[in-house]
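Listed below are the residues making up each chain.
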Amino acid sequence: MVPTLVHDGHVIVESTVIAEYIDDVFPNPPLKPKTPLGLAAMRLWTKVVDEEVHPACGELTFVSCHRHILQRLGKEKLQEFLDSTPPISVTPYWHERKKELVTKGFAAAGVAEKFRLYDRYLAKMEETFVSQPWLAGGEFTLADVAMTPYLNRLDMLGMSEMWTRSRPRVTDWWARI
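Being a predicted model, the structure only gives us computed values, none of them experimental.

J.: Help me get a handle on the pairing of strand β2 (residues 10-13), residues and values and all.
T.: When strand β1 (residues 4-7) meets β2, the two strands line up antiparallel, connected through four bridges. What sits directly across from leucine 5, in β2, is isoleucine 12. Connecting β1 to the antiparallel partner β2 that follows it, the hairpin turn spans two residues, and aspartate 8 within it adopts a positive phi of roughly 50 degrees.

Listed below in structure tokens is the structure:
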């Protein structure tokens, strides 16, 4: 399974679980808030990443980038690639969904909603940064660690204007990251 960490002979899977494990084993500097409210805020952000942002990111990546690369493979190799996807991967329905994203692109049902989902969380981040510098309070935490790759992916896809045009606090956060 990706991602997987093997530490002292033990296998730990899933990004959020791995990040918390690493923070527990190597606690300096600490990446979890010290207060129960801070911990709750951190866990809400990591939950959102696991359940909503990660699947949306997969869809945005395929419709805007990967599909173009995959279509260059030719019909036979493309089909081989699509058939190789495990039945359960990014989401329980990813095997079939990826086929739709690659063949239909931005016209695939629900793609616009994935952009709106990202936009809602960018708006929530902007609102959060009105009163604090980091997602879970006054310090950099696992919440910031969890969101970073998903803004990085938008940036890699040439979509950083989703925050740079109208969200100065997210832009500042990104610069500090």
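J.: I'd love a proper account of the layout of surface pockets, names of residues and values included.
T.: Approximately 880 Å³ is the volume attributed to the largest pocket. In terms of lining residues, the largest pocket is bounded by 32 residues, among which Val2, Pro3, Ser15, His54 and Tyr150 are the most central. Listing elements by their share of the lining of the largest pocket, those giving two or more residues are α1 (15-25), α2 (36-71), α4 (94-104) and α6 (142-156). No other element matches the ten residues that α2 contributes to the lining of the largest pocket. Partitioned by chemical class, the residues of the lining of the largest pocket number 18 nonpolar, nine polar and five charged. The computed volume of the second largest pocket comes to approximately 180 Å³. What lines the second largest pocket is a set of 14 residues, among which Lys32, Pro33, Lys34, Glu139 and Thr141 lie closest to the centre. When its residues are assigned to classes, the lining of the second largest pocket shows six nonpolar, five polar and three charged.

J.: Mind laying out the packing of aromatic side chains, listing which residues take part and the relevant values?
T.: For the coordinates displayed, the defined rule picks out seven aromatic pairs. Relative to phenylalanine 115, the ring of phenylalanine 106 has its centre 6.1 Å away and its plane inclined at 25 degrees; by these criteria the two rings are stacked. A residue is classified by how much of its surface remains accessible, and phenylalanine 106, at 49% relative accessible area, is partly exposed. Here a set of aromatic residues connected by ring pairs shows up, and it is made of Phe129, Trp163, Trp173 and Trp174. Sitting over the ring of tryptophan 45, lysine 124 keeps its end group 5.9 Å from the ring centre.

J.: How would you sum up the pattern of salt bridges? Please name residues and give values.
T.: Once the charged atoms of two side chains with opposite charge are near each other, the side chains can pair. In this structure the tally under the stated criterion is 13 salt bridges. Of the charged contacts in the structure, one is a salt bridge between arginine 97 and glutamate 59, with a shortest N-O distance of 2.7 Å. Of this pair, arginine 97 sits in helix α4 while glutamate 59 sits in helix α2, and the two are 38 residues apart along the sequence. Taking the shortest distance from any N to any O, the salt bridge between arginine 97 and glutamate 100 comes out at 2.8 Å. Remark: glutamate 100 and arginine 97 occur in helix α4; sequence separation between them is three residues, near one turn of the helix. A single salt-bridge network, built from bridges that share partners, covers Glu59, Arg97, Glu100 and Lys104.

Rules and cut-offs
- Residues numbered from 1 in each chain as written.
- Predicted model: local features only at pLDDT ≥ 70, side-chain atom pairs only at ≥ 80, totals over all residues.
- Heavy atoms only, no water.
- Pairing = 2+ DSSP bridges.
- Helix = DSSP H or I, 4+ residues; strand = E, 2+ residues; numbered from the N terminus.
- 1 Å grid on protein atoms, 1.4 Å probe; cavity = no way out; pocket = protein on both sides within 12 Å on 5 of 7 lines; lining within 4 Å.
- Points joined across faces, edges and corners; volume = space filled by probe spheres on them.
- Nonpolar A, V, L, I, M, F, W, Y, C, P; charged D, E, K, R; others polar.
- Phe/Tyr/Trp six-rings, centres within 6.5 Å; stacked < 30°, edge-to-face > 60°.
- Buried < 20%, exposed > 50% of the residue type's maximum accessible area, 1.4 Å probe, protein only.
- Lys NZ or Arg CZ within 6 Å of the ring centre and 35° of its normal.
- Salt bridge = Lys/Arg side-chain N within 4 Å of Asp/Glu carboxyl O.

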